[in-house]
Amino acid sequence: MRTGWRVLLVLLLPVWGSAAAHNGDLTVRPTCKPGFSEEDYTAFVSQNIMEGQKLLKVKFNNCAGNKGVRYETNSLDFKVRADGTMYAAHHVQMPSKQLILMVTAWDPQILGRWEAIVRFLVTEKLQHSGHKPKGRKTVPGELAQQQSDTLLPWRQHQSANGLRRQKRDWVIPPINVPENSRGPFPQQLVRIRSDKDKEIHIRYSITGVGADQPPMEVFSIDPVSGRMYVTRPMDREERASYHLRAHAVDMNGNKVENPIDLYIYVIDMNDNRPEFINQVYNGSVDEGSKPGTYVMTVTANDADDSTTANGMVRYRIVTQTPQSPSQNMFTINSETGDIVTVAAGLDREKVQQYIVIVQATDMEGNLNYGLSNTATAIITVTDVNDNPPEFTTSTYSGEVPENRVEVVVANLTVMDRDQPHSPNWNAIYRIISGDPSGHFTIRTDPVTNEGMVTVVKAVDYEMNRAFMLTVMVSNQAPLASGIQMSFQSTAGVTISVTDVNEAPYFPTNHKLIRLEEGVPTGTVLTTFSAVDPDRFMQQAVRYSKLSDPANWLNINATNGQITTAAVLDRESDYIKNNVYEATFLAADNGIPPASGTGTLQIYLIDINDNAPELLPKEAQICEKPNLNVINITAADADIDPNVGPFVFELPSVPSAVRKNWTITRLNGDYAQLSLRIMYLEAGVYDVPIIVTDSGNPPLYNTSVIKVKVCPCDENGDCTTIGAVAAAGLGTGAIIAILICIIILLTMVLLFVVWMKRREKERHTKQLLIDPEDDVRDNILKYDEEGGGEEDQDYDLSQLQQPETMDHVLNKTPGVRRVDERPIGAEPQYPVRPVIPHPGDIGDFINEGLRAADNDPTAPPYDSLLVFDYEGSGSTAGSVSSLNSSSSGDQDYDYLNDWGPRFKKLADMYGGGEED
């Protein structure tokens, strides 16, 4: 026979619960003990529970008439009314055949809490239409058969041998543990026992979150006695419930009983203050709003259980600043946090902003037991257009010169108490009378809101000397409901017009007249006069020409009479579309003077004054007739009807023209010229043709066309030889042209040859000496004049320019300075040969040496150069012995001791005898 669990539930009640006996001591019971009538309530329900359906009624007595007692459940699906009736908060589908709930009774007056277990047993057909919950009633036999897989641990069914069991396991009711318990810890929660512990040794253990899963070791169990403990204070906001499983095994670890589910619920305590989402809330409301107008919503959240009073937050307004016009301008919905207006009189012009301190308190707003927090609500009173704009004065004045536009003539100032630079403040001005022609408009200054009366259409002093305007001002936004326009929203504006000197003007501009071309000089065409608009000024107008491209016209300076100064020709380049334009200036003598311009257009009617011209001027035709013809036409500078149709004819003189040529008329503008005879020798012929137009009277012109007659091929095109012959060039002319071309080419060739020969001669004149052996590039050193220590003591005065030329004149022949001009006639020496003989280089060098020795004024190439005069009697001695004389008495071997700078000189003179 299978045995079941024996479970001893030891619920640790808080301090406010009843005192319990310890270690077998008797419990002292008062006369009236607050609490539920039963510890367990059982109700039979169907699978589907309708919303609002009554399920059972719990009985509770607080020994004070149950006044203020409130009930709560640990499920959102079920609620308890104040009389203890438990009902479904909404439609519920039962998840299993049994549901266990916890009902809590709370008395705020004595701060006590009591709990009872409620069990709902699901049956398909209720055997009791109604029942009174009796905690110690046994389950009916039919229901026990349906629930055969569940063991109900009713305490009232306990016997001496333990709890009565069914076939399967025990179902342990939820264990409620208050959060924030002060201990001592570990604190016993429940004792679990199996009725097999009398037969064998059993070890108990628990698993699940809070035991062997994080958070670890929140709960522990004595493996021998089965007592389960909580090891530390609980926090419902951290975790509201735990699901553990209890296990029973023998000493060998073999399972003795099936695991039991343990549900532990953390009972909420009021340990969290409401927290506002924002510490500062901003809202707005229109001024003049009616009471009850929504402003804003503040929200505070409480981390405690929202289904209990611990998490039920209520709102209230603590203070309002300023308290004008009433200290209670706003109210707040205690449950939703909606702030609304409660009084009239919001006026932005008086109070623009309110600061409201809002308090949120849990425990359903109980200030004695609940926790509170505050936030600030800033309510801005928004502007509405409840103040019409008003002019600061009833009349304004201004002045404007005539003929001026975009001129501000008056500034209109207004006052508006609404919010500046908003549509309720922005002014719009309108002219309602006094300006039928639309000369003025009023623009709004966006900064100052003033109205600027501006001229948009020029005014005329001669027409209107003053304007009386009536203007009205309004706002960009319409006035609020019930607000009327003020009588100060209209004003008068007086604008005076001042007279200025206006320019004369031509009434008809542009003026058009029509006449025939060719009228004689001095003909009066018209009178082009101007009008001075200044009727109240006595001024004279003078006329002059401003533009007369052909200089054909004159104008009378006083009356504007136009006469011709030359013959008007329609065919002139100054005529555009038969019209000639001239511009005239009319100026008055005002201060300052003013002037106006007028344009005269003369339409010239054509007369037949141009004879036609033959086209083309040149043509080409074959020497035999019937192969091709020449199409001719005429051009006439006149226009219809003084042009075509044209008449083309050949003159009678000379007679050869009509003998050789003939004209065939094609139409009024074209004709054909062709050969009359069977053959005409190739050449150029001048054929005169008389062309007559259709004018009245008609004009004619004899034009000459140059016709080239040439031999043609079978296609009727002139051959090349024929074209040359037709051009009038004979064989002699062609030969002469070819000879000229040949002569020109020969001259170019000779010039090229001469240039190359000259370039070759320039190269051969250079010395045939190796550049390394050229002493001119090797021995000339200009920056070394000193030697050893004996040369450092010298008289600087000897280096100065001598004052006289005596020492020069008395100077012995020898080496001279290259920049010293010789005194007296320069000797002549033999001219050096231009090109040395390539076979005898030595003779060439000797010849050059002799020429250098005989020249006392110019140093030879192989001599030392003297660059400055050092004066007579120098202690340094003379270097004239280094000349190019051919005597062999001088020994130059000492030059080898002078170093590398004199190596070239030593090579030239030291080895002379050996050579």
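Conventions used here
Residues numbered from 1 in each chain as written. Predicted model: local features only at pLDDT ≥ 70, side-chain atom pairs only at ≥ 80, totals over all residues. Heavy atoms only, no water. Pairing = 2+ DSSP bridges. Helix = DSSP H or I, 4+ residues; strand = E, 2+ residues; numbered from the N terminus. Axes fitted to C-alpha atoms, helices over the stretch in contact; angles between N-to-C directions. Buried < 20%, exposed > 50% of the residue type's maximum accessible area, 1.4 Å probe, protein only. Phe/Tyr/Trp six-rings, centres within 6.5 Å; stacked < 30°, edge-to-face > 60°. Lys NZ or Arg CZ within 6 Å of the ring centre and 35° of its normal. Disulfide = S-S within 2.5 Å. Polar contact = N/O pair within 3.5 Å; in protein donor to acceptor, adjacent residues only side chain to side chain. Contact = heavy atoms within 4.5 Å.

An order of S15-S21-S20-S17 is seen for the four strands of this open sheet, with the pairing classed as mixed. Each having just a single partner strand, strand S15 (175–178) and strand S17 (203–208) make up the two edges of the open sheet. Pairwise comparison of adjacent strand axes, ignoring direction, gives a mean angle of 30° for this sheet. When S15 meets strand S21 (residues 255–267), the two strands line up parallel, connected through four bridges. Residue pairing in the sheet places Asn176 in a bridge with Tyr265 of S21.

Most of strand S53 (residues 683–692) is tucked away, with seven of its ten residues classed as buried. In this structure, strand S50 (residues 647–649) lies alongside S53, joined through three bridges in antiparallel fashion. Counted as the bridge partner of Phe648 is Val691 from S53. Pairing analysis gives ten bridges linking S53 to strand S54 (residues 700–710), with the strands arranged antiparallel. Paired with Ile689 across the two strands is Ser703, which belongs to S54.

Moving on, we get to the packing of aromatic side chains. The tally for this structure, following the rule as stated, stands at 19 aromatic pairs. For the pair Phe276 and Tyr315, a centre-to-centre distance of 6.3 Å together with 50° between the ring planes defines the contact as tilted. Taken together, the residues Phe276 in strand S22 (residues 275–276) and Tyr315 in strand S26 (residues 314–321) connect sequence positions 39 residues apart. Both rings, one in Phe506 and one in Tyr543, keep their centres 6.3 Å apart while their planes meet at 50°; by these two values the pair is tilted. One end of the pair, Phe506, is in the loop between strand S39 (490–498) and strand S40 (511–516); the other, Tyr543, is in strand S42 (residues 541–547), with 37 residues separating them in the sequence. Comparing Phe506 with Tyr543 shows no difference in burial state: the two are buried. Among the aromatic side chains, those forming a connected cluster through ring pairs are Phe36, Tyr41, Phe60, Tyr71 and Trp114. When the ring centre of Tyr87 is taken as reference, the NZ or CZ atom of Arg81 above it lies at 4.0 Å.

Following Asn509, the chain continues to His510 via a peptide bond in cis, the omega torsion being 15°. Relative to the assigned elements, His510 resides in the loop between S39 and S40. Here Leu615 and Pro616 are connected by a cis peptide whose omega angle stands at 0°. By secondary structure assignment, the location of Pro616 is in the loop between strand S47 (613–615) and strand S48 (618–622). You will see that Met363, though not glycine, has its phi angle at about 55°, which is positive. Mapped onto the elements of the fold, Met363 is located in the loop between strand S29 (353–361) and strand S30 (372–382). One non-glycine residue, Asn449, lies in positive phi territory at about 70°.

A few words on the state of the cysteines. Defined simply, a disulfide is a covalent bond joining two cysteines at their sulfur atoms. All told, the structure shown has one disulfide when counted by the stated rule. One disulfide in the model links Cys622 with Cys712; its S-S distance is 1.8 Å. Across the S-S bond linking Cys622 and Cys712, the dihedral sits near -105°, which makes this disulfide left-handed. Note that Cys622 is positioned in strand S48 and Cys712 in the loop between S54 and helix H3 (720–726), a separation of 90 residues in sequence.

What follows deals with the side chain of Asn642. Position of Asn642 among the secondary structure elements: in the loop between strand S49 (630–635) and S50. On the basis of relative accessible area, Asn642 is assigned to the buried category, the value being 9%. Here Asp606 takes part through its side chain, which lies 3.1 Å from a polar atom of the side chain of Asn642. Setting aside its immediate chain neighbours within four residues, Asn642 contacts Asp606, Ile607, Asn608, Asp636, Asp693, Gly695 and Asn696.

The subject of this paragraph is the sheet that holds strand S33 (residues 408–412). Judged by pairing direction, the sheet is antiparallel, and its three strands sit side by side in the order S33-S37-S36 without closing on themselves. Edge positions in the sheet fall to S33 and strand S36 (440–444), since each of these pairs with one other strand and no more. Between one strand axis and the next, the sheet turns through 25° on average, direction left out of account. Where S36 lies against strand S37 (residues 451–455), five bridges are found, and the strand directions are antiparallel. What sits directly across from Ile442, in S37, is Val453.

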